[in-house]
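Survey of secondary and tertiary structure
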Amino acid sequence: QEAIRRGSAWLDRIRDQELPIFGRTAEQIRELTDNDKAAVSQLADAILRDPGMTAKLLRIANSVIFNTSGIPITTVSRAVVMLGFDMVRQVALSVAFVDALLRGPVRERVLREMARACHAAVQARWLAARRHDPQPEEVFIAALLYRFGEMAFWCFAGAAGDELDEALRHDPQYPGDVEQSLLGFRLHQLTAALTRDWRVSPLLQSVLKGGYSKRSREQAVVLAFRLAEGSEGGWNTERARARLKEAADYLQVPIEDIAEAVMKNAVEAATIAECYGAGDAVRFIPQ
């Protein structure tokens, strides 16, 4: 009971005090999607009200990750036509979320999480595309937001964050146990609750529920995150090789067939971090 109470208190704080602007943006964009009659122009108008979001959305839409045709996307309406209504909505939400986080004082752990998120997103999209997923961009968004409760916590945690940061440096092996003993709950529970509340990504909700099949798109999200995390000490470490092996097994190919592409994806991830306005996180992505 105590764990639930403490987790709920943090959830309320992030949702109502720290990220209310994001919550309102999410609400506005979601209302348009929930309303079947909402025209493309209404979604475009909602995005265009925020010049910063418009610029970032167009940069992301024109990145090689999203724009495989190579035809420049110069307007939000065009982005909706090219990427689809739902995809533009999800990208707009992810931009709003990253913006909301980067407004506050950003500690190193937030930048590390942001770097990992951008890296995982690019790897996840690539894994999904290799498996002929009909919507690899949806897998990209789910991986990008895979730990967004954790990111929000680190942004706004103050003294509790300093204490947890210190404890995790001493005992990095089992972070979930450290979080549980200090906070009374695990940070991934925040992600699950926020994803449910804000209905950010249906695929991410499915990933967090667990119980998915071994070679599913949900598995691509988790493997991509493990790959991004495992490569942080460089690609030549034993850990990075083990994670590369997991990705190769997922695709049912030898490691040699994917190693070069995976390393190239990390370079692409740095570009994506820049598109989101998280340039300071780039140094944590292995190049």
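Residues numbered from 1 in each chain as written. Predicted model: local features only at pLDDT ≥ 70, side-chain atom pairs only at ≥ 80, totals over all residues. Heavy atoms only, no water.

**Digging into the overall build of the chain**
Just so we agree on the cut-off: Helix and strand definitions here come from DSSP, where helices need a minimum of 4 consecutive H or I residues and strands a minimum of 2 consecutive E residues; each element is numbered from the N-terminal end. We compute the radius of gyration from the C-alpha atoms alone; for a globule the expected value is 2.2 Å times N to the 0.38, where N is the number of residues. When accessible area is computed with a 1.4 Å probe and restricted to protein chains, residues below 20% of their type maximum are described as buried, those above 50% as exposed, and intermediate ones as partly exposed. Here a residue-residue contact requires only that any non-hydrogen atoms of the pair lie within 4.5 Å.
Looking only at helices and strands, the chain has 16 helices and 0 strands in total. In summary, the chain has a C-alpha radius of gyration of 18 Å against a globular reference of 19 Å for 287 residues, a match within 12%. The dimensions of the chain, computed from C-alpha atoms along their principal axes, are 50 × 50 × 35 Å. Counting all 287 residues of the chain, 52% fall into the buried class. Taking all contacts inside the chain whose residues are at least 6 apart in sequence as the whole, residues at least 24 apart take part in 67%.

**Description of a nonpolar patch on the surface**
Keep this limit in mind: To count toward a patch, a residue needs a relative accessible area over 30% and no salt bridge; like charges are then connected within 9 Å, while nonpolar side chains (Val, Leu, Ile, Met, Phe, Trp, Tyr) are connected within 5 Å. Accessible surface area values rest on a Shrake-Rupley calculation with a 1.4 Å probe, where residue burial reflects the displayed protein chains alone. Only one rule defines a salt bridge in this text: a Lys or Arg side-chain nitrogen within 4 Å of an Asp or Glu carboxyl oxygen.
A grouping of I71, V81 and M82 is seen on the molecular surface, where their side chains present a nonpolar patch of about 270 Å² in accessible area. Its place among the elements puts V81 in helix α5 (residues 76-83). Assessed through its relative accessible area of 60%, V81 is described here as exposed.

**Considering helix α11 (residues 175-183)**
Threshold: Summarising the geometry, the arc corresponds to the directions from the helix axis toward the C-beta atoms.
Along α11, the residues that are buried comprise G176, V178, E179 and L183. For α11, the buried positions fall inside an angular range of 160° around the axis, keeping them on one side.

**Some thoughts on the state of the cysteines**
What counts is decided by this rule: Cysteine sulfur atoms that pair up within 2.5 Å are treated as a disulfide.
Enumeration over the complete set of coordinates arrives at 0 disulfides. The closest cysteine sulfur to the non-disulfide-bonded C118 is located on C275, 9.1 Å from its own sulfur.

**Looking at the pattern of salt bridges**
As enumerated under the stated definition, the model contains 15 salt bridges in all. Note that D86 is salt-bridged to R89, the shortest N-O span being 3.1 Å. Pair noted here: D86 and R89 are both in helix α6 (residues 85-102), with a separation of 3 residues, about one helical turn. Under the relative-accessibility criterion, R89 is labelled buried at 6%. Linking D249 and K245 is a salt bridge whose minimum nitrogen-to-oxygen distance equals 3.0 Å.

**Description of the nonpolar core**
Nonpolar side chains in soluble globular proteins generally cluster together in the buried interior. Definition in use: In plain words, nonpolar cores are sets of buried Ala, Val, Leu, Ile, Met, Phe, Trp, Tyr and Cys residues tied together by side-chain atoms within 4.5 Å.
Judged by nonpolar contacts, the single largest core of 109 residues is most densely connected at L19 and Y276. Broken down by element, the residue count for this core peaks at 13 residues, all from helix α7 (residues 108-130).

**Considerations on helix α9 (residues 148-156)**
For α9, the tally of buried residues reaches 9 of 9 residues, placing the bulk of the element in the interior. Of the positions making up α9, those classed as buried are F148, G149, E150, M151, A152, F153, W154, C155 and F156. Note on α9: the residue one or two positions beyond its end, G158, has a positive phi of about 60°.

**Overview of the packing of helix α12 (residues 187-198) against helix α13 (residues 202-209)**
Here is the rule we go by: To get an axis, fit a line to the C-alpha atoms, keeping to the stretch in contact for a helix; angles then go from 0 to 180 degrees between the N-to-C directions. With the far helix as reference, a near helix turned anticlockwise by less than a right angle produces a left-handed crossing, and one turned clockwise produces a right-handed crossing. In this count, Pro and Cys sit with the nonpolar residues alongside Ala, Val, Leu, Ile, Met, Phe, Trp and Tyr, while Asp, Glu, Lys and Arg are called charged and the others, Gly among them, polar.
At their nearest, the axes of α12 and α13 sit 10 Å apart, and the two run at 145° to each other. Where α12 crosses over α13, the handedness of that crossing is left-handed. Along the contact surface, α12 presents T191, A192, T195 and R196, while α13 presents L204, Q205 and L208. A breakdown of the residues in the contact of α12 with α13 according to their chemical character gives 3 nonpolar, 3 polar and 1 charged.

**Re the side chain of Q90**
Looking at the secondary structure, you find Q90 in helix α6. The residues touching Q90, leaving out its near neighbours within four places in the chain, are E138, I141, V200, S201 and P202.

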